[in-house]
Amino acid sequence: MDRSTASACRILRHAVLASTWALLALSQATFADQMLTIVDQLNQPVTGATILIGFEDGNPFPGNRMTTDASGQAPVPSDWKAALPLTVVAPGYVTSTVPLAVPGAQILELSPQESNQEIEIAGEAIDFGRLRQDGKVDFALVMPSLRPDALLSFDLSTVMSPKVDVITVVGREIEIPSNIALPDQTETYIFPINFNKPQYRTYVREPGQYRVTATRGQFPLQRVVNDIRAGKSMFEVINHFSFMGSGAQLVNASQNVGGVNLSVNQTRFEGQFDVKAPKIKTDEVIISLGLNEVDGLLNPTDLKRLRSEERLALKKNNTGGSSVISLLLKDAKSLEKQGWLYDALTLRSIFPLNTNIDEQPNASDEQSFSQMSFSNNPADALVNPTFLPLIAQPEIRDNVLITAIPAMPAGMSPLAMYWIYSEIEKVGEGSVKSEKRTRQWEILSPSWRAQIELPRLALEKRPDRQYRWEVLFLARKNQVEGGTPRTNRVDLSSITHVTRNAIDL
C-alpha cells in the first residue's frame, strides 16, 4: 500500500469513528430528551411518583417500574417498544392510567385526592326584605360555586347538604338540609305556620378560597304540599319553584369559618330563555339546570323538569356568561317515603294523619343519577338539547372493564372516555342521606373502547366502605373547538355531551 493510499485509509477510518461517536452522542442526547414528566394541576413536578409501564412488575419487560426525581421526571425505558398501559401512583394523588400509551416522552397530570376532612362555612342568608303572607315560602340555597368538572359527577349531594338542621314548626320538629335557609315568615296551610331558620351551614373538603353563593327562591306552599300528597315526584314539584336572584362572597376556608352572612339580592335573575325537550321515551325525563359563569365558576339560576317535546322558560342572570345543563334520566315516579323532602313538604311530622300518599304504590322510588346523559349548551333564546343515549351498567370480568359503546348522534364527535374508581362512604344525619365520593383511580382513553384491561394494582378496601366503577363517554359538537390535551387530560371546556353509568362492587 503506497503512502497516499495509507493516508486516505487513516482519514476514512477517523471519519467513520467520528461519525460513529457523533451518532452515539446524538442517540444518547435524544434518549436523554425522552422523559416521562409527572406534574400536578398547577404544573408543578411530583417527586417520588411511581410509574408502571405494562400490567405488573416485569411484565412485559424488566425495569418497567420507575420513580420520578426532584424534577418530576424519569427516563423512558429503552425496552418500551409497543403501546402499553402507563400508570402513575403518588401519595396524595388519584392514581392515573393511560390504557395504551405510545412509547416516548409523556407529560401526565395528576389530580389531588379528595381530603376526608370537612370544613364548615356558616352564617345567615339576609336581605329578603319584608315578607308578607302571600302563600309562598321564601328560602335560600347556599353552596360553594361549582367547578365545571363537578358536573361530570353530578348528583343530588352536589347541591343538597347531607347535614341537617332541626326546626320546630307548630310544636313539632322537622329536619332541613343545613345549606337551606328559611327567613322568618308565616304562611297558611290549614292554619298559620311560622318558618324561621335564617342560618345555613355548607361544607368543603379542601382548604382554600371559595365563592359561596346564596340563591333565593320561593314555592307556593299549598300547591306543592297538595301535589306531593297526591303522589307526585320530587322532580314534578320542582317546576313550582321560582328562583329570583342571588348573592355571593369570597371566603378563605383554611378552617371552620362562621359569620359569613350572604345577601340574596346582589343580583336579580331578570333574563329568560326557553328549553325545548326532544322526543324521549315515556320512562325518561329531562332536568334542565340554568347556570351563570363568573371567573370560571358556575352558579345555579333555575331548575326545571321537562317531559317529551315540552317547552319551558328558565331564568338567567344577564351579567356574565349563561349556559344550561340538561340531564336525561330514567324517571323516578315518587318521593323516597322516609326522606327529608317527603317529611318536610308533606308536613308529615306536623299532620300525622291518614293521607292518600301512604296508599300510593311505588312510593319508595328515588331518583338515580348514576345512569345519566347530559348536554351543555349556551343559554340562547331557545335551547334544543340533544343527548348521547343512556348506557347500560358496565361490567368487570377478570380484571377487564367492559362496557357497551353508545351510538354517536349526527353532528358530534367522540372526545375521550373516562373510567373512575371511587370509594363511597354513606353519610348524612337523620333522614337526610347522601354519600361521600373519594376518587381512587382514573383512566382516560382518547378513544371509545369496549374493553380495557387493568394493570394489577394492590387496592386497599375498607369493610365499612362501598366501591364503584363509573364509565363516562365524552363527546362534543363538531363546531366546538378544544385545546390540545395532555396525555391523560382533556379540555373540559370542549365537552358538550356526556353519558355515564356505574356499577357498585
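In what follows, the structure referred to is the one given above.
Residues numbered from 1 in each chain as written. Predicted model: local features only at pLDDT ≥ 70, side-chain atom pairs only at ≥ 80, totals over all residues. Heavy atoms only, no water.

Caption draft 1: Structural detail: the overall build of the protein. Scanning the protein from terminus to terminus reveals four helices and 32 strands. Buried residues in the protein amount to 50% of all 505 residues. Considering only residue pairs separated by 6 or more positions, the protein has 71% of its internal contacts joining residues 24 or more positions apart. Counting every atom, the protein has about 23,900 Å² of accessible surface; 50% of that belongs to carbon and sulfur. (Helix = DSSP H or I, 4+ residues; strand = E, 2+ residues; numbered from the N terminus. Buried < 20%, exposed > 50% of the residue type's maximum accessible area, 1.4 Å probe, protein only. Contact = heavy atoms within 4.5 Å. Areas by Shrake-Rupley, 256 points an atom, 1.4 Å probe, with all protein chains shown as cover.)

Caption draft 2: How the structure looks around a nonpolar patch on the surface. There is a patch of nonpolar side chains on the surface, built from Val-170, Ile-190 and Phe-191 and spanning about 280 Å² of accessible area. Positionally, Ile-190 belongs in the loop between strand S12 (180-189) and strand S13 (191-197). Residue classification places Ile-190 among the exposed residues on the basis of a relative accessible area of 67%. (Patch = residues over 30% accessible without salt bridge, like charges linked within 9 Å, V, L, I, M, F, W, Y side chains within 5 Å. Salt bridge = Lys/Arg side-chain N within 4 Å of Asp/Glu carboxyl O.)

Caption draft 3: Structural context of helix H2 (residues 221-229). Turning to H2, its buried residues number three or more, namely Leu-221, Val-224, Val-225, Asp-227, Ile-228 and Arg-229. Taken from the residues just after H2, Gly-231 is the one with a positive phi, measuring 95°.

Caption draft 4: How the structure looks around the sheet that holds strand S14 (residues 199-204). Here we have three strands laid out as an open sheet, ordered S14-S8-S17, and mixed in their pairing. Here the strands that pair on one side only, and so sit at the sheet edges, are S14 and strand S17 (262-263). The pairing of strand S8 (residues 119-126) with S17 spans two bridges and is classified as parallel. Residue Ile-126 lies in a different strand from S17, and its bridge partner there is Ser-263. (Pairing = 2+ DSSP bridges.)

Caption draft 5: View of the nonpolar core. Counting residues in each nonpolar core, the largest one holds 51 residues, and the members touching the most others are Phe-374 and Leu-474. What Leu-474 contacts, discounting residues up to four positions off in sequence, is Leu-152, Pro-414, Leu-415, Ala-416, Tyr-418, Trp-448, Val-490, Ile-495, His-497 and Val-498. Formed by 20 residues, the second largest nonpolar core is a distinct cluster that contains Ile-53, Met-66, Ala-90 and Ala-101. (Core = buried A, V, L, I, M, F, W, Y, C linked by side-chain atoms within 4.5 Å.)

Caption draft 6: Highlighting the pairing of strand S10 (residues 164-169). Of the strand pairs in this sheet, S10 and strand S11 (residues 172-177) are connected by six bridges, and their pairing is antiparallel. Looking at S11, one finds that Val-169 is bridged to Arg-172. Where S10 folds back on S11, the antiparallel hairpin that results is connected by two residues, among which Val-170 adopts a positive phi of roughly 50°.

Caption draft 7: Structural detail: the sheet that holds strand S4 (residues 73-75). The three strands are arranged S4-S1-S7 in an open sheet whose pairing can be described as mixed. Lying at the two open borders of the sheet, with one neighbouring strand each, are S4 and strand S7 (106-109). Here the average twist between neighbouring strands, direction ignored, is 15°. (Axes fitted to C-alpha atoms, helices over the stretch in contact; angles between N-to-C directions.)

Caption draft 8: How the structure looks around the environment of Tyr-189. Among the structural elements, Tyr-189 can be located in strand S12. Remark: the alpha-carbon pair of Tyr-189 and Arg-223, spanning 34 residues in sequence, is separated by 9.9 Å. A polar atom in the side chain of Tyr-189 sits 3.0 Å from the side chain of Asn-226. (Polar contact = N/O pair within 3.5 Å; in protein donor to acceptor, adjacent residues only side chain to side chain.)

Caption draft 9: Examining unusual backbone geometry more closely. Cis peptide bonds are those with omega within 30 degrees of zero, and the linkage from Asn-59 to Pro-60 qualifies with 15°. Its place among the elements puts Pro-60 in the loop between strand S2 (50-53) and strand S3 (65-67). With a phi angle near 70°, Asp-127 is a residue other than glycine that sits in the positive phi range. A relative accessible area of 43% means that Asp-127 is categorised as partly exposed. A positive phi angle is found at Asp-295, which is not glycine, with a value near 55°. Structurally, Asp-295 is set in the loop between strand S20 (284-294) and strand S21 (297-306). Since its relative accessible area comes to 74%, Asp-295 is described here as exposed.

Caption draft 10: Region of interest: the environment of Val-169. Locating Val-169 in the fold gives a position in strand S10. Here the alpha-carbon distance between Val-169 and Asn-194, two residues 25 residues apart in the chain, equals 6.5 Å.

Caption draft 11: A look at the environment of Lys-316. Inspection of the secondary structure assignment puts Lys-316 in strand S22 (residues 311-316). It is 5.4 Å that separates the C-alpha atoms of Lys-316 and Gln-272, two residues lying 44 residues apart in sequence. With sequence-adjacent residues up to four places away left out, Lys-316 is seen in contact with Phe-269, Glu-270, Gly-271, Gln-272, Phe-273, Thr-301, Ser-322 and Ala-379. Reaching out from Lys-316, the side chain makes a polar contact with the backbone oxygen of Ala-379 at a distance of 3.1 Å.

Caption draft 12: Looking closely at the pattern of salt bridges. According to the stated counting rule, one finds 19 salt bridges in the structure shown. Of the charged contacts, one joins Arg-201 and Asp-165 as a salt bridge, the two residues approaching to 2.7 Å between their closest N and O atoms. Of this pair, Arg-201 sits in strand S14 while Asp-165 sits in strand S10; the two residues are 36 residues apart in sequence, bridging distant segments of the chain. Accessibility classification places Arg-201 together with Asp-165 in one group, the buried group. Lys-304 is the salt-bridge partner of Asp-302, the closest N and O atoms lying 2.8 Å from each other. The pair Asp-302 / Lys-304 is uniform in exposure class, with both members buried.

Caption draft 13: Representation of the packing of aromatic side chains. Counted under the stated rule, the structure contains nine aromatic pairs. Measuring from centroid to centroid gives 6.2 Å for Phe-139 and Phe-219, while their planes differ by 45°, and the two rings are tilted. One end of the pair, Phe-139, is in strand S9 (residues 136-144); the other, Phe-219, is in strand S15 (residues 208-220), and 80 residues separate them in sequence. For Phe-139, a relative accessible area of 7% translates into the label buried. For the pair Phe-139 and Phe-241, a centre-to-centre distance of 5.8 Å together with 65° between the ring planes defines the contact as edge-to-face. Of this pair, Phe-139 sits in strand S9 while Phe-241 is found in the loop between helix H3 (234-237) and strand S16 (242-253), placing the two residues 102 residues apart along the sequence. The exposure class of Phe-241 is buried, given its relative accessible area of 17%. Linked through ring pairs, Trp-419, Tyr-421, Trp-441, Tyr-467 and Trp-469 together constitute an aromatic cluster. Above the face of the Tyr-203 ring, Lys-163 is positioned so that its terminal group lies 5.6 Å from the ring centre. (Phe/Tyr/Trp six-rings, centres within 6.5 Å; stacked < 30°, edge-to-face > 60°. Lys NZ or Arg CZ within 6 Å of the ring centre and 35° of its normal.)

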